[in-house]
Amino acid sequence: MRRAQLVVVGGGPAGLSAAAVAAGLGAEVMLVDDNETLGGQLIKQTHKFFGDKGHYCGVRGVDIATILSERAGEHSVTVLSATSVVGLYPGKVLGLANGDSFRKLGFESLVIATGAAENSIPFPGNDLPGVYGAGAVQTLMNVYGVRPGRRVLMVGSGNIGVIVSYQLLQAGIDVAAVVEALPAVGGYHVHAAKLVRLGVPILTSHTVKAALGAESVTGAVICRVDGRFRPVAGTDRRLKVDTICVAVGLTPLAELLWQAGCRMFHVPELGGHVAWHDEYMETSQPGIFVAGDVSGIEEASTAMLEGRVAGARAWERLNRRTRESRDIIDSARLELGSIRKGPFGEKATCGKQRLAECVPA
Amino acid sequence: MASRTADTVIVGGGIIGAATGYYLAKSGHKVVLLERSFPCSGATGRCIGGIRAQFTHDLSIRVMIESIRLFSELNDELGETVHWHQGGYLFLAFDEPRKQAFLEAIKVQRNYGLDVEFISSAECGQIVPGLNREGLLGGAYCPTDGQADPFHVTYGYLAGIKRLGGEVRVDTEVTGINTRDSKVVSVLTSKGDEFFCPNVLNAAGAWSDEICRMAGIEVPIAPDRHESLVTEAVERLFDPMLVDYRSDGCYFVQHIGTGHFVGCYTPVPLVPGRNMDATDEFITEMPRRMVRLVPKLGQVKVLRQWAGSYCMTPDGSPICGRTPVEGLYISSGMSGHGFMFGPALGKLMAELIACGKPSIPLDQFAPDREFGKAEAMK
């Protein structure tokens, strides 16, 4: 069985950053990812990133994926693509599945950067063909060039909901409406404003009540909801759509962390069950680190910074603290702090705070 | 602290507690079942659902014949589909001593009217198309053995308890058993309740030694770890549970309702304790063993693996009956056969608790028996 010094699970923004940083410091790093192409969700993000100052401001997500992959390559990270980590076993062993083959990979240190899965909500007809997660629609369009439908109802006005809606319009697909159960738009104002300017109604305090159709989606029923998210009688409206996109948040993909025996806590602000971790991203299991959405739902920019912290700290654990590793960690943590100070960092900050107050032992 | 009363408090929400509780409730007992975690969270929910009467211990054979009768009526009894299917069990003999042992066992089993016979290697191949018969001398085959779904059976019994006016409390750990003059008085729980009751049934499986210790009693049980896996669903390949007793053998069956194969093996050496980690050794070894027996399975993917406890006794037979503390009963130490024994032992233990006398005497399973000759068809 092969044994690597550091194994990184997940080749998205967090995992790629962790791998590149640790390899740059001198660690022998293997990066395992279940897709053919590295980059995680970045490869479908055709929009430009923005922020106050941080890295990659003005760069499209898909280009960030390329930059990060190249950097990992420069530092001689060994990449196992199209390979799923299907188990974490006692004795620091991972089970890897690649096509029909299964093999084991040992590790000394591990960064788990598996990201998140899309949530769904219950409504009649939500299993009809034509009901998608918004992320899935984005992948179909932007990665595979497949048009998911002709007229779409978007459920959820967080960043994913509003960005994907705009990209649907760019692809020549009609967006009938965006419904948002909360009384206000969740995503960045700039994205929402673009939609409104193009005539897409964003209906706050509204939700989807049912998907219509026998074989596939032919319409949707939406309605107004009250302050406790209960449908308001007499406000039902029918929309003629063939696609319903559900963008109602993400849940950390924490299975490996459970298997590792990490202390897990349910923190709603972070999207569900997350592993307790210290300020250096190390979990209650020594040598096992988290970074990115699996440590709490945030965004690509924070995922990259958490990845840098986790990668550098994993290297320090294997070797020793150096000026270089300390600088990487300090600057990444400083930037994380500044991103989270913004209005959209409030939820994650609160979640991370709550997690920090949990007792790991 | 709230205090309540019951006729019988049952400790453990696996098949044993659920079935016994059901038959007790049916006989008019007020039953309160306490489960530390969730129903089937112990060995029941981790077993592969095999059911057979092919044993060497005569009481086990008798109890299992009764259990199979109960399983075959369970859909109607519980108003729940329990996926009972009589696909048989085929124990394979790859050497002469094993064949002789099976022939001996068959003599005993047939005495109790069991429809079991030793069939040739060729006949094994007919019942299990695609079986690798290299070195196979034949097998002990009983077509009335079968399978059922442990979750549906257990949840069906639990629903029955509630329907009959009993209570099922999950997330409720038993923290103490109060006795006076060597007699049960009450049971204390982690939720702060105290249940006053004349009877307590310890059906806590791998944890039943801890429950007994609360009343100052020791029972000779020793859990060890068994691992299992489930494959993706495929078309029906064959009916019986295959059992290969070689030291590098295994046993597996295809679930009738779903098409998944489920199986496990007994590790050599045993892994004692309640550790329930799934291992990389098992996930590499078990498929190899399955494919050796049925090469076609090489094309089938594994979905998932997990581990559970065999709660072993010194002779590999259950420990069921009264304890030295009056009112405290035990039904445990199922030695890997709790699910299949469940319905019959549930009914018999309910008879013992409610009427003082089970319709099949359980003396040979009594906690104070001499632990002698071991069950050979483990």
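**Q** Give a description of the overall build of chain A that names residues and reports values.
**A** The secondary structure content of chain A amounts to 9 helices and 19 strands. Projecting the C-alpha coordinates of chain A onto the three principal axes gives extents of approximately 65 × 45 × 40 Å. When the 361 residues of chain A are sorted by exposure, 51% land in the buried category. A separation of at least 24 residues holds for 61% of the contacts in chain A among residues at least 6 apart in sequence. As displayed, chain A offers around 16,100 Å² of accessible surface, 52% of which is attributable to carbon and sulfur atoms. Here chain A contributes 36 positive and 34 negative side-chain charges, whose respective centroids are spaced 3 Å apart.

**Q** Go over the overall build of chain B with me, naming the residues and quoting the values.
**A** Scanning chain B from terminus to terminus reveals 9 helices and 20 strands. For chain B, the C-alpha radius of gyration of 20 Å lies close to 21 Å, the compact-globule estimate for 378 residues. Judged by the C-alpha coordinates and their principal axes, chain B covers about 65 × 40 × 40 Å. When contacts within chain B are restricted to residue pairs at least 6 apart in sequence, those whose partners lie at least 24 apart make up 72%.

**Q** Go over the pairing of strand β2 (residues 8-11) of chain B with me, naming the residues and quoting the values.
**A** All names here are of chain B. Here β2 shows a buried face lined by Thr8 and Ile10 and a second buried face lined by Val9 and Val11. Sheet topology note: the β2/strand β3 (residues 31-34) ladder contains 4 bridges and is parallel. In the sheet register, Val9 faces β3, and the bridge partner there is Val32. Remark: the β2/helix α1 (residues 15-26)/β3 crossover connection has right-handed handedness. Judged from the 4 bridges that link them, β2 and strand β13 (residues 199-202) form a sheet pairing that is parallel. Each bridged residue has a counterpart across the sheet, and for Ile10 the counterpart in β13 is Leu201.

**Q** Break down the sheet that holds strand β14 (residues 237-239) of chain A for me, with residues and values.
**A** Residues and elements named next belong to chain A. Pairing is antiparallel across the open sheet formed by 3 strands, whose spatial order is β12-β13-β14. One side of each edge strand has no neighbouring strand; the edge strands of this open sheet are β12 (206-212) and β14. The sheet shows a mean angle of 30° between the axes of neighbouring strands, taken without regard to direction. Alignment of strand β13 (residues 219-224) against β14, held across 3 bridges, turns out to be antiparallel. Bridging across to β14, Val221 finds its partner in Arg238.

**Q** Summarise the sheet that holds β2 of chain B; cite the residues concerned and give the values.
**A** Residue and element names in this part refer to chain B. If you walk across this open sheet you meet the 6 strands as β9-β3-β2-β13-β20-β19, and the pairing is mixed. With one partner strand each, in any of the chains shown, β9 (167-169) and β19 (319-322) form the two edges of the open sheet. Strand-to-strand twist across the sheet, computed as the mean angle between neighbouring axes with direction ignored, equals 15°.

**Q** I'd like a rundown of the interface of chain B and chain A, residues and numbers included.
**A** Chain B puts 9 residues into the contact, and the matching count from chain A is 7 residues. Contact between chain B and chain A buries roughly 600 Å² in total, counting both sides, with carbon and sulfur atoms accounting for 58%. At the junction of chain B with chain A, the criterion picks out 2 salt bridges. Here Asp280 of chain B makes a salt bridge to Lys104 of chain A, at a shortest N to O gap of 3.3 Å. Along the contact surface separating chain B from chain A lie 4 residue pairs in polar contact (both at pLDDT 80 or more). Per-element tally for the side of chain B that touches chain A: the top contributor is helix α8 (residues 280-293) of chain B, with 4 residues.

**Q** Quick one: what's the story with the domain arrangement of chain B, residue by residue and with numbers?
**A** All names here are of chain B. Along its sequence, chain B is organised into domain 1 (2-49 + 151-220 + 315-365) and domain 2 (87-143 + 222-312). Put simply, the middle of domain 1 and the middle of domain 2, counted by C-alpha atoms, are 30 Å apart. Facing 16 residues of domain 1, the contacting portion of domain 2 comprises 20 residues. Each partner contributes to the roughly 1,300 Å² buried at the junction of domain 1 and domain 2, and carbon and sulfur atoms together form 61% of this total. Together, Arg46, Ile48 and Ala206 form the three largest contributors to the area buried by domain 1 at its contact with domain 2, with a combined 50%. Between domain 1 and domain 2 we count 2 salt bridges in total. Of the charged contacts, one joins Arg274 and Glu210 as a salt bridge, the two residues approaching to 2.9 Å between their closest N and O atoms. Linking domain 1 with domain 2 are 8 residue pairs in polar contact (both at pLDDT 80 or more). Considered class by class, the residues forming the side of domain 1 that touches domain 2 number 7 nonpolar, 6 polar and 3 charged.

**Q** Just give me the short version of the nonpolar core, but keep the residues and values in it.
**A** Counting 72 residues, the largest nonpolar core has Ile51, Val63, Val153, Tyr157 and Leu362 of chain B as the members making the most contacts within it. Residue contributions to this core peak at 10 residues, all from helix α9 (residues 338-355) of chain B. When we break this core down by domain, the ones giving at least three residues each are domain 1 (2-49 + 151-220 + 315-365) and domain 2 (87-143 + 222-312) of chain B. Non-local contacts of Leu362 of chain B, meaning those with residues more than four positions away in its chain, are made with Leu59, Val63, Cys320, Leu345, Leu348 and Met349 of chain B. Counting 65 residues, the second largest nonpolar core, distinct from the first, contains Ala14, Met264, Ala275 and Ala300 of chain A.

Scoring rules and cut-offs
Residues numbered from 1 in each chain as written. Chains lettered and ligands numbered in written order. Predicted model: local features only at pLDDT ≥ 70, side-chain atom pairs only at ≥ 80, totals over all residues. Heavy atoms only, no water. Helix = DSSP H or I, 4+ residues; strand = E, 2+ residues; numbered from the N terminus. Buried < 20%, exposed > 50% of the residue type's maximum accessible area, 1.4 Å probe, protein only. Contact = heavy atoms within 4.5 Å. Areas by Shrake-Rupley, 256 points an atom, 1.4 Å probe, with all protein chains shown as cover. Lys, Arg positive; Asp, Glu negative; His and termini not counted. Charge placed at Lys NZ, Arg CZ, Asp CG, Glu CD. Rg over C-alpha atoms; globule rule 2.2 N^0.38 Å. Pairing = 2+ DSSP bridges. Right-handed = clockwise from strand over helix to strand, strands pointing away. Axes fitted to C-alpha atoms, helices over the stretch in contact; angles between N-to-C directions. Buried area = accessible area lost by both parts, 1.4 Å probe. Salt bridge = Lys/Arg side-chain N within 4 Å of Asp/Glu carboxyl O. Polar contact = N/O pair within 3.5 Å; in protein donor to acceptor, adjacent residues only side chain to side chain. Domains from an automatic or database assignment. Nonpolar A, V, L, I, M, F, W, Y, C, P; charged D, E, K, R; others polar. Core = buried A, V, L, I, M, F, W, Y, C linked by side-chain atoms within 4.5 Å.

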